[in-house]
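Now for the letters of each chain:
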Amino acid sequence: MDYIILGNGIAGIQGALNIRRYDREGDITIITDEEYGFYSRPMITDIMTGKRRPEEIILMGEEGYRAFGFKFMKGLSIKRIDLEKRCLYSSQDRIKFHRLLIATGARPKRIKKHRDGVYYLRSIKDALDIKRQLKNTKKAIVYGGGPVGIKAAYALLSWGMPVSIMVTSPQIMSRVFDKKTASVFQRLFEENGAKFYLGSSIEDLVWQKGLKGVVTDRGDYIDGGILIVGKGVVSHTEIAEDAGISVNEGIIVNDMMETSEDGIYAAGDVAETNTGPGNKGRVFALWHTGAEQGKVAGANMAGEKKIYNGSVSSNSVEYFGMKAISMGTMEGEGLKEEIYEDKDGYRRFMFRDELLVGAILVGNIQGAGILLNAIKKGTPRSIWKRDFLSSHWPCLSIHPNITMEVLF
Amino acid sequence: MKEIHFIKDRCIRCGACSVACAAEHNKNHHLYDSLINIPFAPKQKTVFQVEQGEALPHPLRCRNCEEPACMEACISGAMNKEHRVFSNWKRCIGCFMCVMNCPYGAILPFFGKAVKCDQCLFTEKPACVRACPVNALVFVDSHDLSLVRKQKRWRNRKDMDAPLLRARY
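Just so we're clear, the structure is a prediction, and the values are computed from it rather than from any experiment.

**Q** Quick question: what am I supposed to make of the overall build of chain A here?
**A** Looking only at helices and strands, chain A has 9 helices and 27 strands in total. For chain A, long-range pairs separated by at least 24 residues make up 58% of all intrachain contacts whose partners lie at least 6 apart in sequence. Total accessible area on chain A is roughly 18400 Å²; 46% of this is exposed by carbon and sulfur atoms.

**Q** Where do I start with the environment of Ile339 of chain A in this structure?
**A** Residue and element names in this part refer to chain A. Among the secondary structure elements, Ile339 is positioned in strand β25 (residues 336–341). Overall, Ile339 belongs to the partly exposed group, its relative accessible area being 42%. For the pair Ile339 and Ile360, spaced 21 residues apart in sequence, the C-alpha separation works out to 9.5 Å.

**Q** Where do I start with a negative patch on the surface in this structure?
**A** Among the surface-exposed residues, Glu203, Asp204, Asp217 and Asp220 of chain A lie close enough to one another that they form a single negatively charged patch. Tracing the backbone through its elements, the reader meets Glu203 of chain A in strand β15 (residues 202–207).

**Q** How do you make sense of the confidence of the model for chain B when you look at a structure like this?
**A** Regions with low pLDDT should not have their predicted coordinates read in detail. Residue and element names in this part refer to chain B. Looking at chain B as a whole, its pLDDT mean stands at 71, while 64% of the residues score no less than 70. Averaged over each element, pLDDT in chain B is lowest for helix α2 (residues 31–37) (55) and highest for helix α4 (residues 97–101) (90). Across residues 37–55 the pLDDT falls below 50, and counting only partners more than four positions away or on other chains, this stretch makes 59 contacts in the model. Across residues 161–169, where pLDDT falls below 50, the model places 18 contacts with residues more than four positions away in sequence or in other chains.

**Q** What am I meant to see in the sheet that holds strand β12 (residues 140–143) of chain A here?
**A** Paired through backbone hydrogen bonds, the strands of a sheet run either parallel or antiparallel to each other. Residues and elements named next belong to chain A. The strand order across the open sheet formed by 5 strands is β11-β18-β12-β13-β14, and the pairing between neighbours is parallel. Looking at the sheet topology across the chains shown, the edges are occupied by β11 (118–120) and β14 (194–198). Taking each pair of neighbouring strands and ignoring which way they run, the sheet shows an average axis angle of 25 degrees. Note: β11 against strand β18 (residues 226–229), 3 bridges, orientation parallel. Within β18, the residue paired with Tyr120 across the bridge is Val229.

**Q** Looking at this structure, I do not really get the sheet that holds strand β6 (residues 78–82) of chain A. What am I missing?
**A** Residue and element names in this part refer to chain A. A sheet is described by the order of its strands in space; here 3 strands give the open sequence β6-β7-β8, paired in antiparallel fashion. Of all the strands in the sheet, just β6 and β8 (94–96) have a single pairing partner and so form its edges. Averaged over all pairs of adjacent strands, the angle between strand axes in this sheet comes to 20 degrees, irrespective of strand direction. Of the strand pairs in this sheet, strand β7 (residues 87–90) and β8 are connected by 3 bridges, and their pairing is antiparallel. Bridge pairing in β8 places Tyr89 opposite Arg94.

About the cut-offs
Residues numbered from 1 in each chain as written. Chains lettered and ligands numbered in written order. Predicted model: local features only at pLDDT ≥ 70, side-chain atom pairs only at ≥ 80, totals over all residues. Heavy atoms only, no water. Helix = DSSP H or I, 4+ residues; strand = E, 2+ residues; numbered from the N terminus. Contact = heavy atoms within 4.5 Å. Areas by Shrake-Rupley, 256 points an atom, 1.4 Å probe, with all protein chains shown as cover. Buried < 20%, exposed > 50% of the residue type's maximum accessible area, 1.4 Å probe, protein only. Patch = residues over 30% accessible without salt bridge, like charges linked within 9 Å, V, L, I, M, F, W, Y side chains within 5 Å. Salt bridge = Lys/Arg side-chain N within 4 Å of Asp/Glu carboxyl O. Lys, Arg positive; Asp, Glu negative; His and termini not counted. Charge placed at Lys NZ, Arg CZ, Asp CG, Glu CD. pLDDT = per-residue confidence, 0-100. Pairing = 2+ DSSP bridges. Axes fitted to C-alpha atoms, helices over the stretch in contact; angles between N-to-C directions.

Right under this line is the structure:
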């Protein structure tokens, strides 16, 4: 059996590892258009500032691929998938396959006014480009207040570069955290030298032999020699769409991560899942959801039966020593909220009909995994004692005559 | 593979396991040092804790899952598994994805790193097991324990093959 994995991210690697787990014989080929082995994409901000070298964030080098018997083809871009002949076409040759996993991931959303000095942050190559530009820059501008933008800003601030952050919505990380948490982080960033322009977007770039600054639609002028854009990602679906695989926002997959075509699977940032409560047509672009989906896809490709139960979107951040975790849905109809606050931190929970559906923990994050598991499994509230939310150790507040096994 | 198991009927909430853990994970394995170097709360230098409260005591122990959620979620490659799941502090960047994903709450966010039970790698028995005066913590094979549980012998405090050992200090 010939397996081909398009994409070298966490979903692709988890897929390959899980194929190898159930199929010791088959040929597994991993194809990527990048020049590096499997590396940690969330850590590329460290490369940008020179804190780490590219070799240091590589999680699996060439010898790792050899150890598992994967054939690794780097720097190869695939032009076309032929579903009838079951082969892939690159610019030179063609590669045959029996089963294919599409884990091509996503690419950053581009802004309309693109010029030199505007950078996106997605791969090691992007980070190295930014690093080169940062050498002759005194101030940086970050556009986008999502996890990517804020992480880039944090890396630059801790490196010692003043940063201006432009956010379209009235708060930072609006899709991850609530207003209170965002204001806590905003204060921390401001104390450390960041300047925020909330509720503003780019009107024009000031460009004179290189980027000089940005004019916002509110009329502010922001000075800066580099603009880093983190406005979210779009799935890389073109290659699948051309082949005739049904595509919406991402490649549509069923609960076994199989696409509309037989033997073609998709996972990671490129897959659009419909399983799990509230996950209708949902594209997750998170590290651990990629791992979960890749795992299921790999097992199914190798002939095992494994069902994907849906993921809960969750995020964990740590800036300037302040830890915060957000999970599940925080907005919607029919949700009841409960807030607990003490000197250690702030906890906010969302309930729908006695079911925990979302939580934000700031400061003290111990036991967050138990809450995430409770959201995933839909554990009823009655098994928790009254104080379970305010307690730092949620697992201890289970009602005495119910065993822990209910949760797991 | 031997693992730490907790038999809750036996536990008397003395907290000796936590103290022994603090001592074991100290530079010279001396409790006195752990007391003066690190104030007990909130920065307790243990990887093994028992909550004292009205609720049941519950040790946060790692189950060494077959497919560890913490390992899959780790973005820096610090969580690894070789028979046991362990956290490599040289690689850990303190993003706490593992804390968020462990369904047992067994990973603790201390000192900006992911801290978890290492089952006292280089000793014959983990320190908490050695310290427990009532054998509520036992270090046995899961299969052996399930046999004992079936026969309901665990109610007898002396029956488990886990002799009382004095701590080394």
